[in-house]
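For reference, the chains in residue letters:
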Amino acid sequence: PSESREARGLPRGAARREPIEVEKTFSFERGKPAMTVRWKITNRGRATARVRFASEVNLSLLASDADDRFFEVPGVTLAEKKLKSTGESLDVTGIDLVDRWSGFRIALRFPKAALWRYPVETVSQSEGGFEATYQGSCLAPVWTLDLEPGKTVERDVSLSFGDA
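Residues numbered from 1 in each chain as written. Predicted model: local features only at pLDDT ≥ 70, side-chain atom pairs only at ≥ 80, totals over all residues. Heavy atoms only, no water.

Undergrad: Is there a simple way to think about the pattern of salt bridges in this case?
TA: Pairs can form between side chains of opposite charge once their charged atoms are near each other. Tallied over the full model, the rule gives 14 salt bridges. Between D146 and R50 there is a salt bridge, and its shortest N-O distance comes to 2.9 Å. Of this pair, D146 sits in strand β8 (residues 129–147) while R50 sits in strand β3 (residues 49–54), and the two are 96 residues apart along the sequence. With relative accessibility at 40%, the residue D146 sits in the partly exposed group. Overall, the relative accessible area of 61% leaves R50 in the exposed class. (Salt bridge = Lys/Arg side-chain N within 4 Å of Asp/Glu carboxyl O. Helix = DSSP H or I, 4+ residues; strand = E, 2+ residues; numbered from the N terminus. Buried < 20%, exposed > 50% of the residue type's maximum accessible area, 1.4 Å probe, protein only.)

Undergrad: What am I meant to see in the environment of S126 here?
TA: Looking at where S126 falls in the secondary structure, it is placed in strand β7 (residues 104–126). For S126, a relative accessible area of 27% corresponds to the partly exposed category. There is a polar contact of 2.9 Å between the side chain of S126 and the side chain of E131. (Polar contact = N/O pair within 3.5 Å; in protein donor to acceptor, adjacent residues only side chain to side chain.)

Undergrad: In this structure, what is going on with the side chain of T42? I would like to understand it.
TA: Its place among the elements puts T42 in strand β2 (residues 34–43). Among the polar contacts made by the side chain of T42, one reaches the side chain of T152 at a distance of 2.7 Å. Residues contacting T42, with those up to four places away along its chain left out, are P19, I20, E21, G150, K151 and T152. (Contact = heavy atoms within 4.5 Å.)

Undergrad: Please explain the environment of T93 as it appears in this structure.
TA: Following the sequence through the fold, T93 ends up in strand β6 (residues 87–99). In this view, T93 contacts L108, R109, F110 and K112; residues no more than four positions away in its chain are not counted.

Undergrad: Help me understand the packing of aromatic side chains, please; the structure alone is not making it clear to me.
TA: For any two aromatic rings, the description comes down to two numbers: the centre-to-centre distance and the angle of the planes. In this structure the tally under the stated criterion is three aromatic pairs. Between W39 and F53 the ring centres are 5.7 Å apart and the planes differ by 65 degrees, which places this aromatic pair in the edge-to-face class. With a gap of 14 residues between them, W39 in strand β2 and F53 in strand β3 connect regions that are remote in the sequence. With relative accessibility at 6%, the residue W39 sits in the buried group. A ring pair is formed by F53 and W143, whose centres lie 6.2 Å apart and whose planes are at 20 degrees; its orientation type is stacked. Here the residue F53 occupies a position in strand β3, and W143 occupies one in strand β8, the gap between them amounting to 90 residues. Across the pair, exposure class does not vary: F53 and W143 are buried alike. Through a chain of ring-to-ring contacts, three or more aromatic side chains come together here, namely W39, F53, F110 and W143. We note K81 situated over the ring of F70; from NZ or CZ to the ring centre the distance is 4.3 Å. (Phe/Tyr/Trp six-rings, centres within 6.5 Å; stacked < 30°, edge-to-face > 60°. Lys NZ or Arg CZ within 6 Å of the ring centre and 35° of its normal.)

Next up, the structure:
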């Protein structure tokens, strides 16, 4: 006889849960202003697991609204590119934070993903009311993965510094 989701303890419409193992490794190359973070994501369960995997990278160039500090996404024209902007770019392989005032760029590269970006802000109360203060920018490549039992998928994000 077939078993209902309720009999297994899952509410109607809930996704089946499978144990997922995540291993994270940092790599640095001597003499290069760069690093790579690699994740190995393994389905340790008995059924295929469809998961959304993302990892946040939080960076700050301090001036959220300055014209000389902004985002660039290779192959994409952003409607709003200031650091305080919020957005999603689909099927991209990277993003740059450009600081023309200081003359450098931070480049993030990764396998094709959706990319979410938004400002990280704190809120405080002042005489004028509540104020949001920019702390940095969150960048999150997001991958949808279909993991068969025992299958491992690797994803990596590289970060490098260069001239603007």
